[in-house]
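Listed below are the residues making up each chain.
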Amino acid sequence: MTGTTANNDLLHPTRISPMQWLILFLCMLASMIEGFDIVIISYTAPAISQDLAVSPGELGVVFSAGVFGMAFGAMFLGGVSDRLGRRIVVSAALLVAGLGTLAVAFSGSVSELVIWRVVAGLALGALVATLPALVGEFSPLRYRTLVIAVLLAAANFGGFAGGLIVAEVIAEQGWRPIFLYTGALTVVTALLVQFLVPESLAFVMRRHREAVLEKVNRTLAYIGQGQVTELPVLPDAQKTESATVKSLLTHGRGATTWLLWSAFFLSFLTVYFISSWMPKVLIGAGLSQQAAIQGTTALPAGAIFGNILIGWLATWWPLKRVLLAAFIVGGGCMAVLSGIHESIASMPFYLIWLMLLVTGSAMFGAFGNLYNVAMIVYPVQVRGTGLGWAAGLGRAGAVLSPSLAGVMIAAGFSMPSLFFYFAIPAFAAGACVAFIRMRELD
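Residues numbered from 1 in each chain as written. Predicted model: local features only at pLDDT ≥ 70, side-chain atom pairs only at ≥ 80, totals over all residues. Heavy atoms only, no water.

The next point concerns the overall build of the protein. The secondary structure content of the protein amounts to 20 helices and zero strands. Its C-alpha atoms give the protein a radius of gyration of 22 Å, near enough to 22 Å, the size a compact globule of 442 residues would have. Summarising its shape, the C-alpha atoms of the protein cover approximately 70 × 50 × 40 Å along the three principal directions. Relative to its full complement of 442 residues, the protein shows a buried share of 56%. The contacts in the protein between residues at least 6 apart in sequence include a share of 84% that link residues at least 24 apart. When the accessible area of the protein is evaluated, it comes to approximately 17500 Å², of which 70% is carbon and sulfur surface. Separation between the mean location of the 23 positive side-chain charges and that of the 19 negative ones in the protein comes to 8 Å. (Helix = DSSP H or I, 4+ residues; strand = E, 2+ residues; numbered from the N terminus. Rg over C-alpha atoms; globule rule 2.2 N^0.38 Å. Buried < 20%, exposed > 50% of the residue type's maximum accessible area, 1.4 Å probe, protein only. Contact = heavy atoms within 4.5 Å. Areas by Shrake-Rupley, 256 points an atom, 1.4 Å probe, with all protein chains shown as cover. Lys, Arg positive; Asp, Glu negative; His and termini not counted. Charge placed at Lys NZ, Arg CZ, Asp CG, Glu CD.)

This is the structure we're talking about:
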């Protein structure tokens, strides 16, 4: 189970009020938009390439622009929420991401595409680092892990459902309206968050010491929770400590931080390899291109299911044990896929899809719930910074993964053997989690 934070002493441990449901719904909507906005350029790439005469090399730069923007945004902007507040950073990130996405619709060159994808990526990186903190600090303690898991599943669902929507819109209206609609929805969501979602109680108690009881009770009344006559005594560090990357590596947090960063990096390395190379592996095993694509859809479907399943299991068993088991199952599935590569074409398709669903559920679900680990171990005063740096440095694995696989293939490694070798980082990520002490670090 999770450790307590200041706001968990004030919120009902199990009951969720209607206003809390509305707040969580808006955050889930923001997560869905984030998940779609991350992959929108991939869905529209063929049409953009044809319309603007973009070469494959130039298109690769456009793809990388968003990834690098997200990494830097998570690391260097996510921590702003520890100083200014969760609500303002979430709404500002949505607003900037929406405006950047709108601008893509009016782009006429590769340089413009790169600029606006970097802008949107920076904002989305800040959003990725801040949304789990905002959601967690408005969730009842008993279900916090599950609620954050659903938040992460919402991002997967946004990318999955968005692809279906793009396929219809792009055939009738082209690629530009997709960015217009997505950008407009993102801006509207930013305004709703800003005007309907209050600042989290944990942040209010830490940053607003004057008349803080009155401010806390005003927020509690707004979200439909009971009033309090006194506030919990906060540790001195929560009142005075500055949120910097140095603070993640000192005050007895260094070992946990390095283990968490390693787990994120290794997980990104593995899941981006699976996502990037699965269709090619299935085609190489003898499946048709259509069957390979259909089979690969089991991975995002598994990510949605796995995130929620692991979050639900963690309400009954320690999260660390559930994650360790998931990493072992995910890595084991990859090793099995490597071993049966030669016989995949002769297997019933439903069996292939089911195997990939289990792989996606375990591997992607474990990866997504690492954000819950960061929520548990980092105290409120450095939580946004901790989430941001873990997510940002982890994305180095996403950048390295496809290139590393390409180098290994050029060196003579077979594609099936790569699934065995890339299972090793999955097991290593599980080992990192196993050594993390699941308690809030002072």
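Below, the discussion takes up the nonpolar core. Of all hydrophobic cores here, the largest spans 111 residues; its most connected members are Val216, Leu260, Phe273 and Val373. Considering each element in turn, this core owes the most residues, 14 residues, to helix H12 (residues 254-284). Residues in contact with Val216, not counting those within four places in the same chain, are Leu10, Leu201, Val204, Met205, Val228 and Leu231. Formed by 18 residues, the second largest nonpolar core is a distinct cluster that contains Leu113, Val166, Trp175 and Phe179. (Core = buried A, V, L, I, M, F, W, Y, C linked by side-chain atoms within 4.5 Å.)

Under the counting rule described, the total for this entry stands at 13 aromatic pairs. Plain terms: the ring middles of Phe413 and Tyr421 are 5.5 Å apart, the flat faces sit at 85° to each other, and that makes the pair edge-to-face. Under the relative-accessibility criterion, Phe413 is labelled partly exposed at 34%. In this structure Tyr421 comes out as partly exposed when scored by relative accessible area, which is 37%. (Phe/Tyr/Trp six-rings, centres within 6.5 Å; stacked < 30°, edge-to-face > 60°.)

A few words on the pattern of salt bridges. The tally for this structure, following the rule as stated, stands at six salt bridges. Put simply, Arg117 and Asp37 hold a salt bridge, and the shortest N to O gap is 3.1 Å. You can see Arg117 sitting in helix H5 (residues 110-136) and its partner Asp37 sitting in helix H1 (residues 18-52), a full 80 residues away along the chain. Its relative accessible area of 0% is what places Asp37 among the buried residues. In this structure, Arg176 and Asp51 form a salt bridge, with 3.6 Å as the shortest nitrogen-oxygen distance. Of this pair, Arg176 sits in helix H7 (residues 176-196) while Asp51 sits in helix H1, placing them 125 residues apart in sequence. (Salt bridge = Lys/Arg side-chain N within 4 Å of Asp/Glu carboxyl O.)

A separate point is the side chain of Thr189. When you line up the elements, Thr189 lands in helix H7. When neighbours within four sequence positions are excluded, Thr189 is seen to be in contact with Leu26, Leu29, Ala30, Ile33 and Leu94.

With their axes 6 Å apart at the nearest point, helix H14 (residues 298-313) and helix H16 (residues 349-368) run at an angle of 50° to one another. Viewed along their axes, H14 and H16 adopt a mutual orientation that is oblique. Here H14 runs over H16; the crossing is right-handed. The residues of H16 that touch H14, namely those facing Ala298, Leu299, Ala301, Gly302, Ala303, Phe305, Gly306, Asn307 and Ile310, are Trp353, Leu356, Leu357, Gly360, Ser361, Ala362, Phe364, Gly365, Ala366 and Gly368. Partitioned by chemical class, the residues of the contact of H14 with H16 number twelve nonpolar, seven polar and no charged. (Axes fitted to C-alpha atoms, helices over the stretch in contact; angles between N-to-C directions. Parallel < 35°, antiparallel > 145°, perpendicular 65-115°, else oblique. Left-handed = near helix turned anticlockwise from the far one by under 90°. Nonpolar A, V, L, I, M, F, W, Y, C, P; charged D, E, K, R; others polar.)

Moving on, we come to helix H18 (residues 383-410). Two residues of an α-helix separated by three or four positions point the same way, owing to the 3.6 residues in each turn. Between its terminal C-alpha atoms H18 stretches 41 Å, which fits the 40 Å expected from 28 residues at 1.5 Å a residue. Considering bend angle alone, the principal kink of H18 is centred on Leu400 and spans about 35°; proline Pro402 follows within four residues of it. Two residues or fewer past H18, Gly412 is found with a positive phi of approximately 110°. (Expected span 1.5 Å × (residues − 1). Bend = angle between axes of the 7 residues up to and from the residue.)

On to the side chain of Asn307, then. By the element assignment, Asn307 lies in helix H14. Residue contacts for Asn307: discarding those within four places in its chain leaves Ala149, Leu152, Ala153, Asn156, Phe364, Gly365, Gly368 and Asn369.

Relative to the 30 Å expected for 21 residues at 1.5 Å per residue, H7 spans 30 Å between its end C-alpha atoms, a close match to the ideal helical length. Among the residues making up H7, those that are buried are Pro177, Ile178, Phe179, Thr182, Gly183, Thr186, Val187, Thr189, Ala190 and Val193. On its buried face, H7 is in contact with H1, helix H4 (86-104), H5 and helix H6 (144-173).

As a further point, take the environment of Met363. By secondary structure assignment, the location of Met363 is in helix H16. Contacts of Met363, omitting those with residues within four sequence positions, involve Thr270, Val271, Ile274, Phe327, Gly330, Gly331 and Ala426.

To continue, consider the packing of H12 against helix H17 (residues 370-377). Between two packed helices, what matters for the description is the angle formed by their axes and the separation of those axes. Contact pair H12 / H17: the axes reach a minimum separation of 11 Å and the direction vectors enclose 165°. Classified by the interaxial angle, the pair formed by H12 and H17 is roughly antiparallel. Judged by the twist between their axes, the crossing of H12 over H17 is left-handed. Contacts from Thr256, Leu260, Ala263, Phe264 and Ser267 of H12 reach H17 at Leu370, Tyr371, Val373, Ala374 and Val377. A per-class count over the contact of H12 with H17 returns eight nonpolar, two polar and no charged.

Our next topic: a nonpolar patch on the surface. Taken together, Leu22, Phe25, Val188, Leu191, Leu192, Phe195, Leu196 and Tyr222 make up a surface patch of nonpolar side chains, about 730 Å² in accessible area. Of all elements in the fold, only H1 and H7 reach the threshold of two or more residues within the nonpolar patch. Per-element accounting of the nonpolar patch gives the leading share, five residues, to H7. Within the secondary structure layout, Leu191 lies in helix H7. (Patch = residues over 30% accessible without salt bridge, like charges linked within 9 Å, V, L, I, M, F, W, Y side chains within 5 Å.)

If you trace the backbone, Ser42 turns up in helix H1. With 121 residues separating them along the chain, Ser42 and Gly163 place their C-alpha atoms 9.4 Å apart.

Let us now look at the confidence of the model for the protein. For the protein, mean pLDDT is 86; residues scoring 70 or higher make up 94% of the total. Taken element by element, the predicted model of the protein shows its lowest mean pLDDT in helix H10 (residues 236-240) (55) and its highest in H4 (96). pLDDT under 50 marks residues 1-8. Its contacts with residues more than four places away, or in other chains, come to 31 contacts. (pLDDT = per-residue confidence, 0-100.)

Let us look at the environment of Tyr181. With respect to the element layout, Tyr181 can be found in helix H7. Separated by 76 residues in the primary sequence, Tyr181 and Ala105 place their C-alpha atoms 9.6 Å from one another. Filtering out sequence-adjacent residues up to four positions away, Tyr181 remains in contact with Val169 and Gln173.

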